[in-house]
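Okay, here's what each chain looks like letter by letter:
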Amino acid sequence: MDVSKMKEILENEYGICDAEELYKAMSRSAGIDIGMFTMPLTIADAGYAAEEVVA
């Protein structure tokens, strides 16, 4: 996806027409918690022995 396509989506789907509106919308956002994508679910899934894991 290129910049022009992203601008079109922002305008059509969210009513964001310029950088100022985008910054305002982003500042209202609570953010995204990506922790579940960056940490293993269990020690076994990560391939570590229990004594190697630091809590």
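None of the values given here were measured: they were computed from a predicted structure.

A few points about a nonpolar patch on the surface
Link 1 in the chain: Together, Ile 32, Ile 34, Met 36 and Phe 37 make up a nonpolar patch on the protein surface, roughly 540 Å² of accessible area in all.
Link 2 in the chain: Turning to its location among the elements, Phe 37 is positioned in helix H3 (residues 35–38).

Quick look at the layout of surface pockets
Link 1 in the chain: In this structure, the largest pocket occupies an estimated 190 Å³ of space.
Link 2 in the chain: In terms of lining residues, the largest pocket is bounded by Val 3, Met 6, Lys 7, Leu 10, Glu 11, Ile 16, Cys 17, Asp 18, Ala 19 and Leu 22.
Link 3 in the chain: Elements represented by at least two residues in the lining of the largest pocket include exactly helix H1 (3–14) and helix H2 (19–28).
Link 4 in the chain: Ranked by the residues each element gives to the lining of the largest pocket, the list is headed by H1, at five residues.
Link 5 in the chain: When its residues are assigned to classes, the lining of the largest pocket shows seven nonpolar, no polar and three charged.

Focus on the pattern of salt bridges
Oppositely charged side chains may form a pair once their charged atoms are brought near each other.
Link 1 in the chain: Under the criterion given, the structure shown has two salt bridges.
Link 2 in the chain: Across the salt bridge formed by Glu 8 and Lys 5, the nearest N and O atoms sit 4.0 Å from each other. Pair noted here: Glu 8 and Lys 5 are both in helix H1, with a separation of three residues, about one helical turn.
Link 3 in the chain: The partly exposed category is assigned to Lys 5, whose relative accessible area is 39%.
Link 4 in the chain: Across the pair Lys 24 and Glu 20 runs a salt bridge whose closest N-O atoms are separated by 3.3 Å. Of this pair, Lys 24 and Glu 20 are both found in helix H2, four residues apart, which corresponds to roughly one turn of the helix.

Procedures and definitions
- Residues numbered from 1 in each chain as written.
- Predicted model: local features only at pLDDT ≥ 70, side-chain atom pairs only at ≥ 80, totals over all residues.
- Heavy atoms only, no water.
- Patch = residues over 30% accessible without salt bridge, like charges linked within 9 Å, V, L, I, M, F, W, Y side chains within 5 Å.
- Areas by Shrake-Rupley, 256 points an atom, 1.4 Å probe, with all protein chains shown as cover.
- Salt bridge = Lys/Arg side-chain N within 4 Å of Asp/Glu carboxyl O.
- Helix = DSSP H or I, 4+ residues; strand = E, 2+ residues; numbered from the N terminus.
- 1 Å grid on protein atoms, 1.4 Å probe; cavity = no way out; pocket = protein on both sides within 12 Å on 5 of 7 lines; lining within 4 Å.
- Points joined across faces, edges and corners; volume = space filled by probe spheres on them.
- Nonpolar A, V, L, I, M, F, W, Y, C, P; charged D, E, K, R; others polar.
- Buried < 20%, exposed > 50% of the residue type's maximum accessible area, 1.4 Å probe, protein only.

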